[in-house]
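Summary of the model geometry
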Amino acid sequence: MSVIERTRPVQATAVREPRVTDEHGRRIRFWELALRYTLLLAVLAITVGPFLWQLATSLKGPTEDIYSSPPTFLPEHPTLHNYQRVADTIPVWDYAFNSLKVASANVVTNCVGSALAGYALARLRYRGRRVATLVFILAMLVPVEGIIIAQFTTMRELGLNNTLIGVVLPGCIGAMNVLLMRNAFLNLPYEIEEAAYVDGANVWQRFLRIALPSVKGTVAVVAIFAFMGAWDDFLWPLIVLSDPSKFTLTIGLNYLHGTFANDERLVAAGTVIAVAPLIALFACLQRYFFRGVGEGAVKG
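In this text, all values refer to a predicted model and were calculated from it rather than measured experimentally. (Residues numbered from 1 in each chain as written. Predicted model: local features only at pLDDT ≥ 70, side-chain atom pairs only at ≥ 80, totals over all residues. Heavy atoms only, no water.)

1. Topic: the overall build of the protein chain
Keep this limit in mind: Numbering of helices and strands runs from the N terminus, with a helix taken as a DSSP run of H or I at least four residues long and a strand as a DSSP run of E at least two residues long. Accessibility here uses a 1.4 Å probe with only protein chains present; expressed as a share of the type maximum, an area under 20% marks a residue as buried, one over 50% as exposed, and anything in between as partly exposed. The contact definition used throughout considers only heavy atoms, calling two residues in contact when any of these lie within 4.5 Å. Calculation of accessible area relied on Shrake-Rupley with a 1.4 Å probe; when residues are assessed, cover is drawn exclusively from the protein chains displayed.
Helix and strand counts for the protein chain stand at 14 helices and 0 strands. When its helices and strands are written in sequence order, the protein chain yields α-α-α-α-α-α-α-α-α-α-α-α-α-α. In the protein chain, which comprises 300 residues, the share counted as buried stands at 32%. For the protein chain, long-range pairs separated by at least 24 residues make up 71% of all intrachain contacts whose partners lie at least 6 apart in sequence. Of the accessible surface of the protein chain, which amounts to about 19,000 Å², a share of 66% is contributed by carbon and sulfur atoms.

As structure tokens, then:
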């Protein structure tokens, strides 16, 4: 056999096109791959596009036209003066601190309360456990607007009206968060707890040392949902609070819409200030947030 004939298979292998496969090993055609990336880019533009537009608007100076046609996305002369104007117009940092206190308290109460309730519904044996689970499911079907008057009356009778505690209390434990923790605890194998029970571990030790460390991903999900719900809430703080010094950020930013309705740069700067903590929280907890698929796995 000649040298050329012996090198032909090698040359054919060298020019072979690489294969793109999915998680099951199935080959993905080029048009399928292009369609997937096109859809992903479209979803990215719809979800992230408005925020990027608000960010760009907040950085534009007073001489730039934000309604030009065709629109200009990047500011010609970026400036942070709009953020300073927001702080000069309203006490935005005081409002943000009030929102931070409410959101932090909501995160702590939801994580602790939902974990305890979810563990009780999933791992403990007692009468009425299924009824209690059904009650939490039915609680999710009740709209907030249908019970908001009863909540306001309760806060007034307790003397918590116009207080941040009155803002936190109705949402301190969410029904959906309890069910999330219940499902996470149900995925844990019973053999581990049985072995701990044989070794003499009580309920609290099994909860704190075995069950809770195995569901960190779900706890992160509950923390993110609780923080977002408390930080973005507008209707309930607007009803409960009447003292401007206790307003949360969502209520305080409403003054920008009312007083400076034509100054979109100011409104955009206030929006970015409100969204920035949510992005920071998700960036810190995203590693645990995406662990929900493998929740309850046993590490050897």
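Once you've had a look at it, read on.
2. Concerning the packing of helix H8 (residues 175-186) against helix H11 (residues 216-232)
Selection criterion: For helices, the fitted axis covers only the stretch in contact; all axes are lines through C-alpha atoms, and the angles between them, taken along N-to-C directions, range from 0 to 180 degrees. Relative orientations are named as follows: roughly parallel for angles under 35 degrees, roughly antiparallel for angles over 145 degrees, roughly perpendicular for angles from 65 to 115 degrees, and oblique for any other angle. Throughout, the ten residues Ala, Val, Leu, Ile, Met, Phe, Trp, Tyr, Cys and Pro are labelled nonpolar, Asp, Glu, Lys and Arg are labelled charged, and all others, Gly among them, are labelled polar.
Following both chains from N to C, one finds H8 and H11 inclined at 170°, their axes separated by 10 Å at the closest point. Classified by the interaxial angle, the pair formed by H8 and H11 is roughly antiparallel. Along the contact surface, H8 presents Met176, Asn177, Leu180, Met181 and Ala184, while H11 presents Thr218, Val219, Val221, Val222 and Phe225. A class-by-class count of the residues in the contact of H8 with H11 yields 8 nonpolar, 2 polar and no charged.

3. Some thoughts on the side chain of Ser58
Checked against the element boundaries, Ser58 lands in helix H2 (residues 30-58). Given the relative accessible area of 0%, Ser58 is considered buried.

4. Examining the packing of aromatic side chains
Put simply, the test is: Between rings of Phe, Tyr and Trp, where Trp is taken as its six-membered ring, a pair exists when centres lie within 6.5 Å; planes separated by under 30 degrees are stacked, by over 60 edge-to-face, and by other angles tilted.
Under the counting rule described, the total for this entry stands at 6 aromatic pairs. Ring geometry for Phe185 versus Phe207: centroids 6.2 Å apart, planes at 50°, classification tilted. With Phe185 in helix H8 and Phe207 in helix H10 (residues 203-211), this residue pair connects regions lying 22 residues apart in the sequence. With relative accessibility at 5%, the residue Phe207 sits in the buried group.

5. Remarks on the nonpolar core
Note the following rule: Residues enter a nonpolar core if they are buried and are Ala, Val, Leu, Ile, Met, Phe, Trp, Tyr or Cys, with the set joined through side-chain atoms within 4.5 Å.
Within the largest apolar cluster, 47 residues are counted, with the highest numbers of intra-cluster contacts made by Val86, Ile90, Phe185, Trp231, Leu249 and Leu256. Ignoring any residue separated from it by four or fewer positions in sequence, one finds Val86 in contact with Val92, Leu256, Leu266, Ala269, Gly270 and Ile273.

6. Quick look at a nonpolar patch on the surface
Our working definition: Residues enter patches when they are more than 30% accessible in relative terms and free of salt bridges; like-charged ones are connected within 9 Å and nonpolar ones (Val, Leu, Ile, Met, Phe, Trp, Tyr) within 5 Å. Between Lys or Arg on one side and Asp or Glu on the other, a salt bridge is scored when a side-chain nitrogen of the former is within 4 Å of a carboxyl oxygen of the latter.
A contiguous nonpolar surface patch, about 550 Å² in accessible area, is contributed by Leu41, Leu44, Val48, Leu52, Phe73 and Leu74. For Leu44, a relative accessible area of 47% gives the class partly exposed.

7. So, the pattern of salt bridges
One pass over the structure, following the stated rule, counts 2 salt bridges. The residue Glu193 makes a salt bridge to Arg123 at a minimum N-O spacing of 2.6 Å. Of the two residues, Glu193 sits in helix H9 (residues 190-198) while Arg123 sits in helix H4 (residues 92-123), which places them 70 residues apart along the sequence. Across this residue pair, the class does not change: Glu193 and Arg123 are buried. Glu193 is the partner of Arg206 in a salt bridge, and the nearest nitrogen-oxygen pair spans 3.4 Å. Here Arg206, found in helix H10, pairs with Glu193, found in helix H9; they are 13 residues apart in sequence, far enough to count as distant.

8. A few points about the packing of helix H3 (residues 81-89) against helix H14 (residues 264-289)
Contact geometry for H3 and H14: axes closest at 9 Å, N-to-C directions at 85°. By the angle between their directions, the pair H3 and H14 is classed as roughly perpendicular. For the pair formed by H3 and H14, the contact residues are Asn82, Tyr83, Arg85, Val86 and Thr89 on the first element and Arg265, Leu266, Ala269, Gly270, Val272 and Ile273 on the second. Of the residues that constitute the contact of H3 with H14, the class distribution is 6 nonpolar, 3 polar and 2 charged.

9. Some words on H10
Defined as follows: The arc in question is formed by the directions pointing from the helix axis toward the C-beta atoms. Counting of polar contacts relies on pairs of N or O atoms within 3.5 Å, with two restrictions inside protein: one atom must be capable of donating a hydrogen and the other of accepting it, and residues adjacent in sequence are counted only when both atoms are side-chain atoms.
Considered for burial, the residues of H10 that qualify are Arg206, Phe207 and Ala211. Taken down its axis, H10 places every buried residue within 100° of arc, on the same side. Summarising the geometry of H10, the exposed residues directed more than 90 degrees from the buried face are Trp204 and Arg209. Residues of H10 that are buried make contact with H4, H8 and H9. Between the side-chain oxygen of the N-cap and the backbone nitrogen of Trp204 there are 3.3 Å, and the N-cap of H10 in question is Asn202.

10. A look at H14
Just so we agree on the cut-off: Bend, in this description, refers to the angle at a residue between axes fitted to the seven residues ending there and the seven starting there.
Taken as a whole, H14 carries its principal kink of about 40° at Ala283. Three or more residues of H14 are buried, namely Arg265, Leu266, Val267, Ala268, Ala269, Gly270, Val272, Ile273, Ala274 and Leu278.

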